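Given next are the chains, with one letter for each unit.
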Amino acid sequence: MKIYVPMDSAAKALGAEDVAAAIRTEAKARGIEIELVRNGTRGMIWLEPLVEVEIDGVRHGYGPATVGDVADILAGDSAKALGPVEKLDWMKRQTRLTFARVGVINPLSLSDYEAHGGLAGLWRAIGMDGAGIVEEVTKSGLRGRGGAGFPTGIKWKTVHDAAGPQKYIVCNADEGDSGTFADRMIMEGDPFTLIEGMAIAGLGVGATKGYVYLRSEYPDAIRVMRRAVEIARGAGVLGADVLGSGRAFEMEIRVGAGAYVCGEETSLLNSLEGKRGVVRAKPPLPALEGFLGRPTVVNNVISLATVPVIFEKGAQYYADFGLGRSRGTVTLQIAGNVARGGLFETAFGISLGEVVNDLGSGTASGRPVKAVQVGGPLGAYIPVSNFDAPLGYEELDAKGGLLGHAGLVVFDDAADMLQMARFAMEFCAVESCGKCTPCRIGAVRGVETLDRIAEGDGAAIPLLTDLCETMKDGSLCALGGFTPLPVMSALTHFPNDFATQQEAAE
Amino acid sequence: MNETVPTSEEIDTLLAEYSHLEGPLLPILHAMQDSFGHIPEAAHRPIAEALNISRAELHGVISFYHDFRENPVGRHVLKICRAEACQAVGGTALAEATLAKLGLDWHGTTINGAVTVEPVYCLGLCACAPAAMLDDRVVGRVDNARMDTLLAEAGA
Ligand SMILES: Cc1cc2nc3c(=O)[nH]c(=O)nc-3n(C[C@H](O)[C@H](O)[C@H](O)COP(=O)(O)O)c2cc1C
Ligand code: SF4
């Protein structure tokens, strides 16, 4: 009997370790021979821990499973039975390209990985020259999934064309945005995809060394990635002679130290070099003078982890999904006060309303939805009246929003938007790298100003608006520059929460 | 957490293990903190000398990052998420109740030295919030009862 229990940290956080232990004990007591596979998560976090039992090659789900459910699950007669997992609505409605293997395979089995299409992309890339590899990525239309949406092919071409004795691939796994966990999920659930993507990037631009800058808040992902790198090295996927190609690519996992701003690429590079994570002015571009002053590709985890499927299926196949200039799939992370939270991969273009109300089934509390913050702490609070917005980079921008890393945090009507605006300013003050005054000092003033408004001083509202303008115009990076977005969207769409007590009483 | 004062041999061993890396400082600081619970004062001079940086520069780096501590902490570290997704499901109230119960402020340590409570901005558990982490162990959908269990386990 083959049984799957996820080792993803969200599943663990909901009790997967205890369930796995109970399955072992119960199987032994009943004298049932089992093979227990620790997979990644399927992304249906409201069903975690999701136990899957394979029967005649079909995986049947049981969830959310508790220790008390284990005996019935093994007996094949549990009230938590969900039927075949692949037939669940959430699974059927997705287009899983980047996440095709996550939740399906044993994350640390290279043979499982290859049996599910893994390494096909790298084999194909080995048969191409650097320029051909870069051209393929350009044709796919892939844009950076870290937030800015910059075309990945153009970045790679700059590094490819740059001269340098040593070039680098740096993977940005700092994933600091609240409401996002796609990077973590793929690193824990299919780490070889990221390794393969980085190796293809290395072959493409002529870089022989890669680093993953992985946040310290993800101890499970760190363990899985480190182990996967060792396995890949042992199997010759990494090393002096990648899959016998005669070309080298090595990589290392580095751990961050709890600074949100280190997700900004130049701050990240300083941190990787062992300096304070202060943002660098651009130019020079990291593509030309990046890690240790050398040409460097900095890409988000999802950007790099999407490269293998582009090479496996072809650039055109990938580009055929999507909307407008947003090609391929978006890996939505549905979070916060939502009944059904998790990861949902689909072509760009799905509406915010469909995601929140239909996929997410509304709030967890059962109260009405008030707002959704899209794109992390620097993203806008979007009211229900804008739920027709299609999720694409330009499309959301037109609605005053920011897609960012595609995290969605749902709030119910109990949320106090003035307090959320205050938190945005407080977060900016805590995390500012300190380089620009509008960010460093402005954010502190922002907190004070919002406190005045909360105390009923309506005259402070124009001050807040001015302050946001100053921060937007006078900040070097998006931390100071975009903090006004959540603040101003809260103020614009939810003016009642900012009304002075007198006004509210009138 | 280990709070003994490290010997210079222990410090040199860690330095030798990481000094050859490109950009070795963060890996060294993490290794020191993993071994000693904080970055001990005694390690400052050897690190600065090994990497050929000034002690002021070293201090600048240590103080920049929220993770690095210059003083010993409790035997366990409890991190409670303060970010938006956790706030959306009552994370703020949970954090306040926990601090009040322990009579602590953020970064404070219980009198018996068992637990230090720190804020964290996102653990990537945003679809099963509110979230917390006791040392390296993640916990989701934390309510007051679950928090009490965690605190009891940690000996708070
Ligand atoms: C304050 C700040 C935080 C950021 N955090 C992240 C992050 O955690 N992960 C990420 O991939 N990009 C982050 N970015 C964006 C990066 O600067 C950069 O655009 C990205 O890593 C490039 O990779 P991509 O083109 O593949 O998206 C952040 C930017 C800013 C300004
Ligand atoms: S905006 Fe803030 S975080 Fe960004 S460079 Fe300026 S001070 Fe640093």
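Residues numbered from 1 in each chain as written. Chains lettered and ligands numbered in written order. Predicted model: local features only at pLDDT ≥ 70, side-chain atom pairs only at ≥ 80, totals over all residues. Heavy atoms only, no water.

(A) Here's a closer look at the overall build of chain B. On a plain count of helices and strands, chain B comes out with seven helices and four strands. Each helix (α) and strand (β) of chain B, taken in turn from the N terminus, gives the series α-α-α-α-β-α-α-β-β-β-α. Expressed as lengths along the three principal axes of its C-alpha atoms, the size of chain B is roughly 50 × 30 × 25 Å. Going through the 156 residues of chain B one by one, you find that 55% of them count as buried. Considering only intrachain contacts with a sequence separation of at least 6, the fraction spanning at least 24 residues in chain B is 61%. With the model as given, the accessible surface of chain B reaches about 6,700 Å², and the carbon-plus-sulfur share is 51%. Each charge class in chain B can be summarised by its mean position, and for the 10 positive and 21 negative side chains these summaries are 8 Å apart. (Helix = DSSP H or I, 4+ residues; strand = E, 2+ residues; numbered from the N terminus. Buried < 20%, exposed > 50% of the residue type's maximum accessible area, 1.4 Å probe, protein only. Contact = heavy atoms within 4.5 Å. Areas by Shrake-Rupley, 256 points an atom, 1.4 Å probe, with all protein chains shown as cover. Lys, Arg positive; Asp, Glu negative; His and termini not counted. Charge placed at Lys NZ, Arg CZ, Asp CG, Glu CD.)

(B) Region of the structure containing the nonpolar core. Counting 157 residues, the largest nonpolar core has A:Leu122, A:Trp156, A:Met187, A:Leu214, B:Met32, B:Ile47 and B:Tyr65 as the members making the most contacts within it. In contact with A:Leu122, other than residues within four places in its own chain, are A:Glu196, A:Ala199, A:Ile200, A:Leu203, A:Val237, A:Val242 and A:Leu243. Listed in part, the 33 residues of the second largest apolar core include A:Leu47, A:Leu88, A:Val374 and A:Ala389. (Core = buried A, V, L, I, M, F, W, Y, C linked by side-chain atoms within 4.5 Å.)

(C) Quick peek at the interface of chain A and chain B. Counting residues at the interface gives 64 residues for chain A and 38 residues for chain B. Buried area between chain A and chain B, both sides added, is near 3,700 Å², and the carbon and sulfur share of it is 57%. On the chain A side of the interface with chain B, the three residues burying the most area are A:Ala257, A:Arg276 and A:Phe423, jointly 15% of the side's total. Where chain A meets chain B, there are three salt bridges. In this structure, the salt-bridge partner of A:Arg223 is B:Asp136, at a minimum N-O distance of 3.8 Å. Counting across the interface, chain A meets chain B through 23 residue pairs in polar contact (both at pLDDT 80 or more). Residue contributions to the side of chain A that touches chain B peak at six residues, all from helix H17 (residues 417–431) of chain A. For the side of chain A that touches chain B, a count of residues per class yields 32 nonpolar, 16 polar and 16 charged. (Buried area = accessible area lost by both parts, 1.4 Å probe. Salt bridge = Lys/Arg side-chain N within 4 Å of Asp/Glu carboxyl O. Polar contact = N/O pair within 3.5 Å; in protein donor to acceptor, adjacent residues only side chain to side chain. Nonpolar A, V, L, I, M, F, W, Y, C, P; charged D, E, K, R; others polar.)

(D) Structural view of the side chain of A:Asn39. Relative to the helices and strands, A:Asn39 resides in the loop between strand S2 (35–37) and strand S3 (51–55). A polar atom in the side chain of A:Asn39 sits 2.9 Å from the backbone oxygen of A:Gly103.

(E) Geometry of the domain arrangement of chain A. All names here are of chain A. Along its sequence, chain A is organised into domain 1 (2–92), domain 2 (110–319), domain 3 (323–412) and domain 4 (417–505). Centre-to-centre separation of domain 2 and domain 4, based on C-alpha positions: 35 Å. Domain 2 puts ten residues into the contact, and the matching count from domain 4 is seven residues. Here domain 2 meets domain 4 over a buried area of about 680 Å², counting both sides, of which 76% is carbon and sulfur. The largest share of the area that domain 2 buries against domain 4 comes from Tyr260, Val261 and Val279, three residues that together contribute 63% of it. Applying the counting criterion to the domain 2 and domain 4 interface returns zero salt bridges. Linking domain 2 with domain 4 are two residue pairs in polar contact (both at pLDDT 80 or more), by the criterion used here. (Domains from an automatic or database assignment.)

(F) A look at the pairing of S3(A). All names here are of chain A. Where strand S1 (residues 2–4) and S3 come together, three bridges link them in antiparallel fashion. Residue pairing in the sheet places lysine 2 in a bridge with glutamate 54 of S3. Note that S3 and strand S4 (residues 58–62) share five bridges and pair antiparallel. By the bridge assignment, valine 53 is partnered in S4 with histidine 60. Here S3 folds back onto S4 in antiparallel fashion, the turn holding two residues, of which aspartate 56 has a positive phi close to 50°. (Pairing = 2+ DSSP bridges.)

(G) Seen up close, the site of ligand 1. Residues and elements named next belong to chain A. Taken together, 18 residues lie around ligand 1, and Gly146, Asn172, Asn299, Asn300 and Ser303 are the ones closest in. A distance of 3.1 Å separates an oxygen atom of ligand 1 from a polar backbone atom of glutamate 175. One nitrogen or oxygen atom from the main chain of glycine 263 is found 3.2 Å from a nitrogen atom belonging to ligand 1. Looking at the shell around ligand 1, the elements that each hand over two or more residues are strand S9 (296–300) and helix H20 (478–482). Counting residues per element, the shell around ligand 1 draws most heavily on S9, which supplies three residues. Considered class by class, the residues forming the shell around ligand 1 number four nonpolar, eight polar and six charged. (Near = heavy atom within 4 Å.)

(H) Representation of the sheet that holds strand S6 (residues 168–173) of chain A. Residue and element names in this part refer to chain A. Taken together, the four strands give an open sheet; going across it, the order is S8-S7-S6-S9, and neighbouring strands pair in parallel fashion. One side of each edge strand has no neighbouring strand; the edge strands of this open sheet are strand S8 (250–255) and S9. Mean inter-strand twist for the sheet, computed between neighbouring axes without regard to direction, equals 20°. Direction of pairing for S6 relative to S9: parallel, over a ladder of five bridges. Looking across to S9, one finds that valine 170 is bridged to valine 298. Most of the contacts of helix H11 (residues 219–234) go to S8, to which it runs at about 165°, and overall it touches strand S7 (209–214) and S8. (Axes fitted to C-alpha atoms, helices over the stretch in contact; angles between N-to-C directions.)

(I) Just the packing of aromatic side chains, in detail. Residues and elements named next belong to chain A. According to the stated counting rule, one finds 15 aromatic pairs over all chains in the structure shown. Plain terms: the ring middles of tyrosine 113 and phenylalanine 192 are 5.5 Å apart, the flat faces sit at 50° to each other, and that makes the pair tilted. Note that tyrosine 113 is positioned in helix H5 (residues 110–115) and phenylalanine 192 in helix H10 (residues 191–205), a separation of 79 residues in sequence. Residues tyrosine 113 and phenylalanine 192 agree in their burial class; the two are buried. (Phe/Tyr/Trp six-rings, centres within 6.5 Å; stacked < 30°, edge-to-face > 60°.)

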